[in-house]
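Observations on the model geometry
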Amino acid sequence: MNRFTARHILGISTLSPDEITFILDTAESLKDILERPIKKVPPLRGKTVVHLFFEPSTRTRLSFELAAKRLSADTVSISAKASSVVKGETLIDTARNIEAMKPDVIVIRHPYSGTPHLLTKYVNSSVINAGDGTNEHPSQALLDVFTVREHLGHIENLKVVILGDIFHSRVAHSDIQAFTKMGAEVVVSGPATMLPSRQSEVLGAKVVLKMEEALEDADVIIVLRIQKERQGQSLIPSVREYATFFGLSPDKVKLAKSGALIMHPGPINRGVEMAPEVADGPYSVILDQVTNGVAIRMALLSLLLTKAES
Amino acid sequence: MNRFTARHILGISTLSPDEITFILDTAESLKDILERPIKKVPPLRGKTVVHLFFEPSTRTRLSFELAAKRLSADTVSISAKASSVVKGETLIDTARNIEAMKPDVIVIRHPYSGTPHLLTKYVNSSVINAGDGTNEHPSQALLDVFTVREHLGHIENLKVVILGDIFHSRVAHSDIQAFTKMGAEVVVSGPATMLPSRQSEVLGAKVVLKMEEALEDADVIIVLRIQKERQGQSLIPSVREYATFFGLSPDKVKLAKSGALIMHPGPINRGVEMAPEVADGPYSVILDQVTNGVAIRMALLSLLLTKAES
Amino acid sequence: MNRFTARHILGISTLSPDEITFILDTAESLKDILERPIKKVPPLRGKTVVHLFFEPSTRTRLSFELAAKRLSADTVSISAKASSVVKGETLIDTARNIEAMKPDVIVIRHPYSGTPHLLTKYVNSSVINAGDGTNEHPSQALLDVFTVREHLGHIENLKVVILGDIFHSRVAHSDIQAFTKMGAEVVVSGPATMLPSRQSEVLGAKVVLKMEEALEDADVIIVLRIQKERQGQSLIPSVREYATFFGLSPDKVKLAKSGALIMHPGPINRGVEMAPEVADGPYSVILDQVTNGVAIRMALLSLLLTKAES
């Protein structure tokens, strides 16, 4: 009995709390496989997953690829440079051509928000959004919620603080929705230039300009990566000033609850948005996030593909 | 009983009509696999296919890779940039080194005509030409013939028109030979600078300068891609003029037989060599070509490798 | 009974003669698989090998990848450009993130000496050094010893001459140690700028400035590649002069024992460090080295991974 009926994973915005819980529970049972000497099971044998990445990515692509392989699916990867896009083909033509080769799932990352949604109108395969512009990165949010649930036992009534460039971060946008839907209180903070202007709330999260105030009594601190490559330097005076005023130092961590979880979607700019002692400290669950990412992606592939067959 | 005796697939020029028919029949039986929920069969388990691509390619490489994986072969891909070629090694040394690692098939694409043929003198593996310079692209022609046979039931006595840069197109060169060998009448047309100069015939196809005349009573229209990246702009005054005078518009399609098949090897420059309404129209079989490409490549790999064992 | 206890393969320096012999014997039994029509066996099914290459490489990466696939392991490849390194992440963070995805072996090539050793302090996976800076390239040395043993029956008391840029060559550094440990006499020669300055010995090999003297009575001649891309041109006056004075010509081969084996780690600069007639001559075992490379890497993966389970 598969009570998961979604055909695509486009964002947290289209998932219900029940669906999120079902994904987390599935990931939990699949995570055991990652601890075995033989980390491979047969459910997706004969299925094909296409990774269509229009932005460079190591860890997300690798995580999806390993997830697919551990479920015995075949994988092929297409990166923007190698793709026909350089030959002037439209995205829709690229997608329809890939579709015509009969893959089962297309995992797409694209610099423009909404691309995965557009894709679903033109292809029959299931589509998983692996990050679209500044919109959403749902598998990241699911692994974040999974990691918190694993460590703290529940999500309801937790205070989750997200620090950094909230405005441009698809991770923030997905995280806010995922934690809020699961009953947490989400507070966001960062430089004023990186927050929604003149709003006290974003997607249900409270905007708090003062980082010290935001951190108060936090159960979970999610620090976003400074995306130097995406936004140019004009939003912050300098990396050094960002580190001084907005970097998560051991002192600032003390403002949160004792034992508050420290999270980061990676890759970390050590000494910029997070001090090394915090990243490597006893309450950091950053590497657990990476491990759990494979489990979450196994769950997503497995739920979409076993559904497709029934 | 495998009556297919070729060791390599270098071009349509070296295949007999019987061999072509045998390949098409094999592809037809393999195509069923692509419609199943589990698109994988075991005949090539333990075989290794090396894709050696000296030109960028998404769709051909992807098509070969999926074909190999669906027959359970292992695949490895080498692209020109990553290869030792940058270190000054000769092509023959590269090939002999790959050969020494005991692959079963080498699928090669190379900007110089004749490279796959040269390779066969130095390696024991089977070689498949995935496009060599302006010479041939046999798997493309086979999937084109397959697609026409699937839709119209036969090839004999059909009028097949190929439009575009006939002179520089390996697709045209292979298509002309394949359709001619199977009994079709082939007519080619395009700008005078893109046709064999002062010849009324090329490889058995009739050269007709006037596009309107060429299209008359056509059963099949194959539109070639304007290869901006290959030939520079000097052969045509401008892309816009090409579109106006040589692009396949709905009006021009009316000159052909009603229901004439519209084909394109992809990727399409929409609005240049073909109008979007034609590409997406009811008689376009462009995406069928893509699907059939996987089936044809499964047939080629399967015929070469099951033969090798006997 | 697996008497191989090493957890990593970092260099020849940390392997005992017994361990080397055990690796060679294992490779010998695995080499048979490469001669079969079905070149695949199941021992590493469900295991994952990550290839983490911070330097371009075709043949070494391909060799490891084929070795892993023929033992039924899953493989993923990460190259420096695609990796998070471009986003400013440290090597250790990259490694710990990969580790968190639970691979079984990390095969690493890196331009800095000592990187694989550093890695072992931060990850639990087995690490194989596929070349680190100018330090070591152990799998190359093992396949060289294997190839000599296969052709001459033993290593003890052979005279092995290594020609070229001894100072900067990780292949030379590993070869010297491997052949010396197995009882051979190793002599190195090359331009004075490419030899350890004012030393008569390097890692147990005798330094002989005069190439003619070095070659006398040699059983094995290993010619190193001129690494134009690594060292700039300042060490040699010109490629032409290198070819004239230090290139291995047929005449120079005559100074060695009749039937002396000719070896090269590839890719060859034909006509520079080795004359084509020598590379293609009757005593060249250069392509055997390539074939044996797959067998040696199968042995390494298999020994590390079947050990890990016990």
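Treat the numbers as computed from the prediction; the structure is a model and nothing was measured.

Take the overall build of chain A next. A tally of regular secondary structure across chain A gives 12 helices and 10 strands. Its C-alpha radius of gyration of 19 Å places chain A within 12% of the 19 Å reference for a compact globule of 310 residues. Dimensions along the principal axes, computed over C-alpha positions, put chain A at roughly 55 × 45 × 35 Å. Per-residue burial for chain A yields a buried fraction of 64% across its 310 residues. Taking the contacts inside chain A whose residues are at least 6 apart along the sequence as the reference set, 74% of them involve residues at least 24 apart. Per element, the accessible surface of chain A, about 11400 Å² overall, is 53% carbon and sulfur. Seen as two clouds, the 35 positive and the 35 negative side-chain charges of chain A have centres 6 Å apart.

Next up on the list: the sheet that holds strand S1 (residues 48-53) of chain C. Residues and elements named next belong to chain C. Pairing in this open sheet of 4 strands is parallel, and the strands run S2-S1-S3-S4 from one edge to the other. With one partner strand each, in any of the chains shown, strand S2 (74-79) and strand S4 (126-132) form the two edges of the open sheet. Geometrically, the sheet is characterised by an average inter-axis angle of 15° between neighbouring strands, direction not taken into account. Across 6 bridges, the pairing between S1 and S2 is parallel. Looking at S2, one finds that Leu52 is bridged to Ile78.

Residue and element names in this part refer to chain B. A sheet is described by the order of its strands in space; here 4 strands give the open sequence S2-S1-S3-S4, paired in parallel fashion. Each of the sheet's edge strands pairs with one partner strand only, and the pair in question is strand S2 (74-79) and strand S4 (126-132). Each neighbouring strand pair of the sheet contributes to a mean axis angle of 15°, computed without reference to strand direction.

Once that is clear, we can look at the relation of the copies chain B and chain A. It takes a turn of 120° to lay chain B on chain A, together with a shift of 0.0 Å along the axis; the resulting RMSD is 0.0 Å. Such values leave the two copies arranged in the relation of a three-fold axis. When C-alpha distances to the rotation axis are compared across chain B, the minimum falls at Asp74 of chain B, with a value of 6.0 Å.

A word on the domain arrangement of chain A. All names here are of chain A. Here the domain parsing of chain A yields domain 1 (12-137 + 290-309) and domain 2 (138-284). With 31 residues of domain 1 at the interface, the matching set in domain 2 holds 25 residues. In terms of surface lost to domain 2, no three residues of domain 1 exceed Ile12, Leu24 and His137, which account for 29% of the buried area on that side. Our enumeration of links across domain 1 and domain 2 arrives at 4 salt bridges. Between Arg170 and Glu55 there is a salt bridge; the shortest N-O distance is 2.9 Å. Put simply, domain 1 and domain 2 have 19 residue pairs in polar contact (both at pLDDT 80 or more) between them. In terms of residues, the side of domain 1 that touches domain 2 owes the most to one element, helix H1 (residues 17-35), which gives 9 residues. In the side of domain 1 that touches domain 2, the residues fall into 10 nonpolar, 12 polar and 9 charged.

Between chain B and chain A, the residue contacts involve 29 residues of the former and 25 residues of the latter. Per-residue buried area on chain B facing chain A is highest for Lys40, Thr58 and Leu62 of chain B; these three make up 19% of the total on that side. Seen at the junction of chain B and chain A, the total is 4 salt bridges. Two residues, Asp104 of chain A and Lys39 of chain B, come together in a salt bridge whose shortest N-O distance is 2.9 Å. Our count for the contact surface shared by chain B and chain A stands at 12 residue pairs in polar contact (both at pLDDT 80 or more). Going through the elements one at a time, helix H1 (17-35), helix H2 (59-70) and helix H12 (286-309) of chain B are the ones with two or more residues in the side of chain B that touches chain A.

Residues and elements named next belong to chain B. With 6 of its 6 residues buried, strand S3 (residues 105-110) lies for the most part within the structure. Alternating positions in S3 separate into two faces, Val105, Val107 and Arg109 on one and Ile106, Ile108 and His110 on the other, with burial throughout. With 5 bridges joining them, strand S1 (residues 48-53) and S3 adopt parallel strand pairing. In the sheet register, His51 faces S3, and the bridge partner there is Val107. Following the chain from S3 across helix H4 (residues 115-120) to the adjacent parallel S4, one finds a crossover that is right-handed.

All right, on to the packing of helix H5 (residues 138-152) of chain B against helix H6 (residues 170-181) of chain B then. Residue and element names in this part refer to chain B. Between H5 and H6, the least distance of the axes is 8 Å, while the angle of their chain directions is 50°. Judged by the inter-axis angle, H5 sits oblique to H6. For H5 against H6, the interelement crossing comes out right-handed. Only Val171, Ser174, Asp175, Ala178 and Phe179 of H6 make contact with H5, whose side of the interface consists of Pro138, Gln140, Ala141, Asp144, Val145 and Val148. Per-class residue counts for the contact of H5 with H6 are 7 nonpolar, 2 polar and 2 charged.

On to the interface of chain C and chain A, then. Of the residues lining the interface, 25 residues belong to chain C; the matching set on chain A comes to 29 residues. With both sides pooled, the region where chain C packs onto chain A buries about 2500 Å², and carbon together with sulfur makes up 52% of that total. Inspection of the chain C/chain A interface yields 12 residue pairs in polar contact (both at pLDDT 80 or more). Of all elements in the fold, only S2 and helix H3 (91-100) of chain C reach the threshold of two or more residues within the side of chain C that touches chain A.

Let us now look at the packing of aromatic side chains. Given two aromatic rings, one states the distance between the centres and the angle between the planes to describe the pair. Scanning the entire structure with this criterion turns up 6 aromatic pairs over all chains. Summarising the aromatic geometry, the rings of Tyr242 of chain B and Phe246 of chain B are spaced 5.5 Å apart at their centres and angled 40° between planes, so their arrangement reads as tilted. Of this pair, Tyr242 of chain B and Phe246 of chain B both sit in helix H9 (residues 239-246), 4 residues apart, which is roughly one turn of that helix. Since its relative accessible area comes to 2%, Tyr242 of chain B is described here as buried. On the basis of relative accessibility, which here comes to 26%, the residue Phe246 of chain B falls in the partly exposed class. One Lys or Arg, Arg297 of chain A, reaches over the ring of Phe64 of chain A and ends 5.0 Å from the middle of that ring.

Now for unusual backbone geometry. Residue Gly266 of chain B is joined to Pro267 of chain B through a cis peptide bond whose omega torsion reads -10°. With respect to the helices and strands, the residue Pro267 of chain B is situated in the loop between strand S10 (261-263) and helix H11 (276-279). Positive phi outside glycine occurs at Lys102 of chain A, with the angle close to 65°. Looking at where Lys102 of chain A falls in the secondary structure, it is placed in the loop between helix H3 (91-100) and strand S3 (105-110). The class for Lys102 of chain A is partly exposed, based on a relative accessible area of 26%. The phi angle at Asp217 of chain A is positive, at roughly 65°, despite the residue not being glycine.

One pass over the full model with this rule turns up 42 salt bridges over all chains. When the shortest N-O distance is used, the salt bridge between Asp74 of chain C and Lys40 of chain A registers 2.8 Å. Here Asp74 of chain C, found in strand S2, pairs with Lys40 of chain A, found in the loop between H1 and strand S1 (48-53), and the two come from separate chains. Lys40 of chain A carries the same exposure label as Asp74 of chain C, and that label is buried.

Rules used in this analysis
- Residues numbered from 1 in each chain as written.
- Chains lettered and ligands numbered in written order.
- Predicted model: local features only at pLDDT ≥ 70, side-chain atom pairs only at ≥ 80, totals over all residues.
- Heavy atoms only, no water.
- Helix = DSSP H or I, 4+ residues; strand = E, 2+ residues; numbered from the N terminus.
- Rg over C-alpha atoms; globule rule 2.2 N^0.38 Å.
- Buried < 20%, exposed > 50% of the residue type's maximum accessible area, 1.4 Å probe, protein only.
- Contact = heavy atoms within 4.5 Å.
- Areas by Shrake-Rupley, 256 points an atom, 1.4 Å probe, with all protein chains shown as cover.
- Lys, Arg positive; Asp, Glu negative; His and termini not counted.
- Charge placed at Lys NZ, Arg CZ, Asp CG, Glu CD.
- Pairing = 2+ DSSP bridges.
- Axes fitted to C-alpha atoms, helices over the stretch in contact; angles between N-to-C directions.
- Least-squares fit on C-alpha atoms with pLDDT ≥ 70 in both.
- Domains from an automatic or database assignment.
- Buried area = accessible area lost by both parts, 1.4 Å probe.
- Salt bridge = Lys/Arg side-chain N within 4 Å of Asp/Glu carboxyl O.
- Polar contact = N/O pair within 3.5 Å; in protein donor to acceptor, adjacent residues only side chain to side chain.
- Nonpolar A, V, L, I, M, F, W, Y, C, P; charged D, E, K, R; others polar.
- Right-handed = clockwise from strand over helix to strand, strands pointing away.
- Parallel < 35°, antiparallel > 145°, perpendicular 65-115°, else oblique.
- Left-handed = near helix turned anticlockwise from the far one by under 90°.
- Phe/Tyr/Trp six-rings, centres within 6.5 Å; stacked < 30°, edge-to-face > 60°.
- Lys NZ or Arg CZ within 6 Å of the ring centre and 35° of its normal.

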